[in-house]
Amino acid sequence: MKKIVCFGLLFIATIQIIKAQGVEANVLEKYEPYVYDEMSYRLMKPAGFDKNKKYPVMLSLHGAGGKGSDNRKQLRRWNEYLAKDEIREAYPCYVLAPQTNGLWNNEDLSKIKLIIKDLESIDMSRIYVLGHSMGGHGTYRFIQFDTTYFAAAAPSAGSGLATTEPFVEVSKIKHIPIWVFHGDKDPKCPYEKDVKIFEEMKDIGGNMKFTTWVGDKHGGPIALKMVTGADNGITQVSSDLCDKEPIFLKWLFNQKKSK
């Protein structure tokens, strides 16, 4: 598989640009830049990597603000949080942050799967996907494109725009552990559409948790709350299949595909 690692002056310049945009250089350095088949991506390897161990992969999908090919804008607030030393030590894993120019699609997923396949010492039973806004929309799409690949999924504000048609076939993904997050005052990606998905999942006894951020809208800190939690969250479950663990990262790392 062809991979191009961006080194030298270009890498140093990129560090300076992102630092100017609010991402600290020490965070950026943890996400190594690569390109595979014209897809730019950043990869943070597990802290204290041991080739004799198997590690989960956390796939991080950016929203519309991260679109492009600069290989920097896709690093979102939750990527900075996941780069904290204490978080990396508590939850050792690969964090893969690809970048796309449009809505996440099946071709993107195919490339991502090939990137993951080439990683060293991965646990294929623990591949996770999460994202906010367009990234949440992409999370819903990816788990429908391949219903057996992911061990768990977390779409934040991923219901799509008010003008888009329903795109989630709940029956296809009822067996996948999913934790949905959405602000109930979201003016961009309607909260009510995610509520409808959750109600359908309840009707068929699926495996979905749904956290409502009371009073929250769409942007800003909402995406970060997905991984950190917040006091204004109210969580419901669709059935007894759901893992009741209240801390998101603990819940995520509990999930594992059965053989």
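See the structure above.
Conventions adopted
- Residues numbered from 1 in each chain as written.
- Predicted model: local features only at pLDDT ≥ 70, side-chain atom pairs only at ≥ 80, totals over all residues.
- Heavy atoms only, no water.
- Helix = DSSP H or I, 4+ residues; strand = E, 2+ residues; numbered from the N terminus.
- Rg over C-alpha atoms; globule rule 2.2 N^0.38 Å.
- Buried < 20%, exposed > 50% of the residue type's maximum accessible area, 1.4 Å probe, protein only.
- Areas by Shrake-Rupley, 256 points an atom, 1.4 Å probe, with all protein chains shown as cover.
- Pairing = 2+ DSSP bridges.
- Phe/Tyr/Trp six-rings, centres within 6.5 Å; stacked < 30°, edge-to-face > 60°.
- Lys NZ or Arg CZ within 6 Å of the ring centre and 35° of its normal.
- Expected span 1.5 Å × (residues − 1).
- Salt bridge = Lys/Arg side-chain N within 4 Å of Asp/Glu carboxyl O.
- Contact = heavy atoms within 4.5 Å.

J.: Would you mind going over the overall build of the protein chain with me for this structure?
T.: Tallying secondary structure elements over the protein chain gives 10 helices and 10 strands in all. The C-alpha radius of gyration computed for the protein chain amounts to 17 Å, which stays within 12% of the reference 18 Å derived for 259 residues, consistent with globular compactness. With the principal axes as the frame, the protein chain shows a C-alpha extent of 55 × 40 × 35 Å. Here the protein chain, with 259 residues, has 52% of them falling under the buried criterion. Of the roughly 12000 Å² of accessible surface on the protein chain, a fraction of 51% belongs to carbon and sulfur atoms.

J.: Can you walk me through the pairing of strand S8 (residues 178-183) in this structure?
T.: The element S8 is largely enclosed, with a buried count of 6 among its 6 residues. Going residue by residue along S8, you find Ile178, Val180 and His182 tucked away on one face and Trp179, Phe181 and Gly183 tucked away on the opposite face as well. By the bridge criterion, 2 bridges tie strand S7 (residues 152-156) to S8 in an arrangement that is parallel. Across the sheet, the residue bridging to Ala153 is Ile178, located in S8. One ladder, built from 6 bridges, connects S8 with strand S9 (residues 208-213); its direction is parallel.

J.: Teacher, can you tell me more about the packing of aromatic side chains here?
T.: Given two aromatic rings, one states the distance between the centres and the angle between the planes to describe the pair. The tally for this structure, following the rule as stated, stands at 17 aromatic pairs. Taking the centre distance of 5.7 Å and the plane angle of 75° together, the rings of Tyr140 and Phe167 count as edge-to-face. Separated by 27 residues along the polypeptide, Tyr140 in helix H6 (residues 134-145) and Phe167 in the loop between S7 and helix H7 (170-173) bring together distant segments of the chain. Relative to Phe210, the ring of Phe198 has its centre 5.4 Å away and its plane inclined at 35°; by these criteria the two rings are tilted. A residue pair is termed long-range when its members are at least 10 positions apart, and Phe198 in helix H8 (residues 191-203) and Phe210 in strand S9 qualify at 12 residues. Across this residue pair, the class does not change: Phe198 and Phe210 are buried. One aromatic cluster in this structure is built from Trp179, Phe181, Trp213, Phe248 and Trp251. Above the face of the Trp179 ring, Lys209 is positioned so that its terminal group lies 3.7 Å from the ring centre.

J.: What exactly am I supposed to notice about H6 here?
T.: Every α-helix carries 3.6 residues per turn, so stepping three or four residues along brings you back to the same face. With 12 residues, H6 should cover 16 Å at 1.5 Å per step; its first-to-last C-alpha distance of 16 Å lies within 8% of that length. Among the 12 residues of H6, 10 are classified as buried, and the element is accordingly described as predominantly covered. Turning to H6, its buried residues are Met134, Gly135, Gly136, His137, Gly138, Thr139, Tyr140, Phe142, Ile143 and Gln144.

J.: Honestly, the pattern of salt bridges in this entry has me stumped. Any pointers?
T.: When charged atoms on two side chains of opposite charge get close, those side chains can pair. A full pass over the atoms with the stated rule returns 7 salt bridges. Between Glu107 and Lys111 there is a salt bridge; the shortest N-O distance is 3.8 Å. Here Glu107 pairs with Lys111, and both are found in helix H5 (residues 106-117), just 4 residues apart, close to one helical turn. In this structure Glu107 comes out as exposed when scored by relative accessible area, which is 51%. Across the pair Lys196 and Glu200 runs a salt bridge whose closest N-O atoms are separated by 2.5 Å. Of this pair, Lys196 and Glu200 are both found in helix H8, 4 residues apart, which corresponds to roughly one turn of the helix.

J.: What's the story with the environment of Met124 in this structure? I'm lost.
T.: With respect to the element layout, Met124 can be found in strand S6 (residues 122-132). The spatial distance from the C-alpha of Met124 to the C-alpha of Lys257 is 8.5 Å, given a sequence separation of 133 residues. In contact with Met124, not counting residues within four places along its chain, are Ile116, Tyr149 and Lys257.

J.: Is there a simple way to explain unusual backbone geometry in this structure?
T.: Most peptide bonds are trans, and most residues other than glycine sit at a negative phi. Even without being a glycine, Asp37 presents a positive backbone phi close to 50°. When you line up the elements, Asp37 lands in the loop between strand S2 (32-36) and strand S3 (39-44).

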